[in-house]
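Residue-level structural notes
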Amino acid sequence: MSAVSSRLPVFPWDKLEPYKATAAAHPDGIVDLSVGTPVDPVPALVQEALAGAADSPGYPTVWGTPALRDAIKGWLEKRLGARSVEHTNILPVVGSKELVAWLPTQLGLGAGDQVAYPRLAYPTYEVGARLCGAEAVVYDDPTELDPTHLKLLWLNSPSNPTGRVLAKDELVRIVAWAREHGVLVFSDECYLELGWEAEPVSVLHPDVCGGGYEGIVAVHSLSKRSNLAGYRAAFVAGDAEVLGELLQIRKHGGMMTAAPVQAAIVAALGDDAHVQEQRARYAARRTALREALERHGFRIEHSEASLYLWATRDEGCWETVAHLAGLGILVAPGDFYGEAGERFVRVAFTATDERVEAAVKRLAR
């Protein structure tokens, strides 16, 4: 039996362990700005909804409750400007990373097929291609790719790691090209509600998709906007035929969002106040870290959205990681996201206010 893991790259975060140990040795403790995991409390109304649904002895359904699909539909129409959304255009998933990693397999892709994603990108896009034996292809402009064997095109706006936002006219052009060539588009929009210097637009917006969802699917997560990373709460929306096929596969695979989590999602999507409160926290941390990094000699590129600052001192990323670890600050090396990131680091602003303040003080020395 051949090990499937042999198809995969080395898990990148393991490489950070020595630098994490250096940072942790700082007298005032580590400031971890690497992974980008939420640290603020889960909103009270979400916790209450979860607890209220705790007595759920039966199996949940893969498609979710009608109340969940109604909540997603309402959010898509209100927040993204999507029109004529039906329940068949919606599918809850067990966290967006699971979806990204297993999507090419669930689409039936394999040897001879291509999966494309940005040159600087979330590593799991490549992992998904490798798991099913498809060829992973990177791009700067997807419309310059040869579409002959291209089956799945990943977009990511706002970008992880760079925070770059694709303008509406770019999305229109890319979606039109993909439809012309029969290429399925999945748009990872998990940071869409975290625009700072730009207003991200979904592929589901009628100005982009023309009011129809053929050939396009958007991926959304509540991990960052609602601090629900521990809940594994996410969903996809778009092409009903594609989602119907995924639904059938996922039924067989038992890929069900837990019933209490479904109730929590309904509560989270129905409330805007906690999202604005969390945005305000992140905005203050972002401003403080950006100013401190720039004073320390860093240049920030893109970073107009998402939860990260894409920063460089015009040196190798691991040299920068080592420098900051010496100050007790841990960041992610840019080459985790592709060779094009080898002179950058990704700095998350998901630490507590106290830890961000500590980082700012250390960068001032």
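The coordinates are above.
Residues numbered from 1 in each chain as written. Predicted model: local features only at pLDDT ≥ 70, side-chain atom pairs only at ≥ 80, totals over all residues. Heavy atoms only, no water.

As for the pairing of strand S8 (residues 234–238)
- The buried fraction of S8 amounts to five of the five residues, a majority that puts the element mostly inside the structure.
- The alternating pattern of S8 places Ala234, Val236 and Gly238 and Phe235 and Ala237 on opposite faces, both of which are buried.
- Note that strand S7 (residues 216–221) and S8 share five bridges and pair antiparallel. Paired with valine 217 across the strands is glycine 238, a residue of S8. (Buried < 20%, exposed > 50% of the residue type's maximum accessible area, 1.4 Å probe, protein only. Helix = DSSP H or I, 4+ residues; strand = E, 2+ residues; numbered from the N terminus. Pairing = 2+ DSSP bridges.)

So, the packing of helix H3 (residues 66–79) against helix H9 (residues 259–269)
- The geometry of H3 relative to H9 is characterised by a closest axis approach of 9 Å and an angle of 30° between their N-to-C directions. Classified by the angle their axes make, H3 and H9 are roughly parallel. Taken as a pair, H3 and H9 cross one another with a handedness that is left-handed. Contact residues: H3 offers Ala67, Leu68, Ala71, Ile72 and Trp75, while H9 offers Gln262, Ile265, Val266 and Leu269.
- The residue makeup of the contact of H3 with H9, split by class, is eight nonpolar, one polar and no charged. (Axes fitted to C-alpha atoms, helices over the stretch in contact; angles between N-to-C directions. Parallel < 35°, antiparallel > 145°, perpendicular 65-115°, else oblique. Left-handed = near helix turned anticlockwise from the far one by under 90°. Contact = heavy atoms within 4.5 Å. Nonpolar A, V, L, I, M, F, W, Y, C, P; charged D, E, K, R; others polar.)

Side note on the nonpolar core
- Residues Trp154, Phe186 and Ile329 are the most contacted members of the largest nonpolar core, which totals 68 residues.
- Per element, the largest residue contribution to this core is five residues, and it comes from helix H12 (residues 353–363).
- Once you skip the residues sitting within four places of it in the chain, phenylalanine 186 turns out to touch Leu99, Leu103, Leu152, Leu153, Trp154, Leu155, Val217, Val219, Val242 and Leu246.
- Counting 46 residues, the second-largest nonpolar core is a separate cluster that includes Val137, Leu150, Leu192 and Val203. (Core = buried A, V, L, I, M, F, W, Y, C linked by side-chain atoms within 4.5 Å.)

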